[in-house]
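Next come the chains, spelled out residue by residue.
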Amino acid sequence: AAVGAEPDAGQAEATKTGGEKRATQVHVELGRQRDSMSVMGQLSWSGGCLGRNAEAIAAAQHAVALFPLAKDVYFGARQLTGLAEIDAHAGASDEALQLIRQLLAIPAGGEMSIARLKRDPTWDPRRKDPRFQKLITDGEAAMKLQATQ
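Residues numbered from 1 in each chain as written. Predicted model: local features only at pLDDT ≥ 70, side-chain atom pairs only at ≥ 80, totals over all residues. Heavy atoms only, no water.

## A word on the overall build of the protein
Check the secondary structure of the protein and you find seven helices and zero strands. Counting from the amino terminus, the protein carries its helices and strands in the arrangement α-α-α-α-α-α-α. Burial status across the protein gives 35% buried among its 149 residues. Carbon and sulfur atoms form 56% of the exposed surface of the protein, whose accessible area is close to 8800 Å². (Helix = DSSP H or I, 4+ residues; strand = E, 2+ residues; numbered from the N terminus. Buried < 20%, exposed > 50% of the residue type's maximum accessible area, 1.4 Å probe, protein only. Areas by Shrake-Rupley, 256 points an atom, 1.4 Å probe, with all protein chains shown as cover.)

Here's what the structure looks like:
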């Protein structure tokens, strides 16, 4: 899971030092478990939190490749959600929104929902994006339509 809080100026150096230490630990673990979903998730978030966006996105994409939807709907959806979160965190809005649309289209999908998009602080950086707002309003309209049928 992502951490939604940004450190204040006084915490920034301590956070960076702690993040660097954690990233080093994750890289060691990666040497032992290259195809671990957990390690890929930790690598993507530690990279993203340290501003290593390309590394973060590559790790999340690797996790998606390990567990594609066609192979495993549950874990595949979890990995796509993680990639969408990393994309959003890294400023790759187009990619994040495309993945959100894909996840919302999964029948009975538990990883992505309109309610989660509205409440999860992971999505705070995208809230002002008109395309994100449209996803929310379109999703709410679709839910109302389904409820009346």
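## Focus: the side chain of S93
Relative to the assigned elements, S93 resides in helix 5 (residues 93-104). What S93 contacts, discounting residues up to four positions off in sequence, is R126, D129 and R131. (Contact = heavy atoms within 4.5 Å.)

## Brief notes about the nonpolar core
Among the nonpolar cores identified, the biggest contains 24 residues, and I100, L117, W123 and F132 are the most heavily contacted of them. Taken together, the elements giving at least two residues each to this core come down to helix 3 (53-66), helix 4 (73-89), helix 5, helix 6 (114-119) and helix 7 (130-148). The greatest single-element share of this core, amounting to six residues, is contributed by helix 4. In this structure, W123 is in contact with A84, E85, A88, I100, M112, R116, L117 and F132, ignoring residues within four places of it in sequence. One finds M40, L43, A63 and L66 within the second-largest nonpolar core, a separate group that totals eight residues. (Core = buried A, V, L, I, M, F, W, Y, C linked by side-chain atoms within 4.5 Å.)

## So, the packing of aromatic side chains
This structure, assessed with the given rule, holds three aromatic pairs. Ring centres of Y74 and F75 lie 4.9 Å apart, and the angle between their planes is 80°; this geometry places the pair in the edge-to-face category. Taking the relative accessible area as the measure of exposure, Y74 reaches 49% and is therefore partly exposed. On the basis of an interplanar angle of 25° and a centroid distance of 6.4 Å, the ring pair of W123 and F132 is categorised as stacked. F132 carries the same exposure label as W123, and that label is buried. Among the aromatic residues, those joined into a ring-pair cluster are F67, Y74 and F75. Sitting over the ring of F67, K71 keeps its end group 5.7 Å from the ring centre. (Phe/Tyr/Trp six-rings, centres within 6.5 Å; stacked < 30°, edge-to-face > 60°. Lys NZ or Arg CZ within 6 Å of the ring centre and 35° of its normal.)

## Overview of the environment of R126
Relative to the elements of secondary structure, R126 occurs in the loop between helix 6 and helix 7. For R126, a relative accessible area of 13% puts it in the buried group. Sequence spacing of R126 and S93 is 33 residues, and the spatial spacing of their C-alpha atoms is 7.5 Å. Apart from the residues within four sequence positions on either side, R126 is in contact with A88, H89, G91, S93 and F132.

## A look at helix 7
With 19 residues, helix 7 extends 27 Å between its outermost C-alpha atoms, agreeing within 8% with the 27 Å of an ideal straight helix rising 1.5 Å per residue. F132, L135, I136 and G139 are the residues of helix 7 that are buried. Angularly, the buried residues of helix 7 cover 95° about the axis, an arc narrow enough to put them on a single face. Exposed residues lying more than 90 degrees from the buried face of helix 7 are P130, K144, L145 and T148. Packed against the buried residues of helix 7 are helix 5 and helix 6. (Expected span 1.5 Å × (residues − 1). Arc of directions from axis to C-beta.)

So far we have only geometry, and geometry alone does not tell us how the molecule works.
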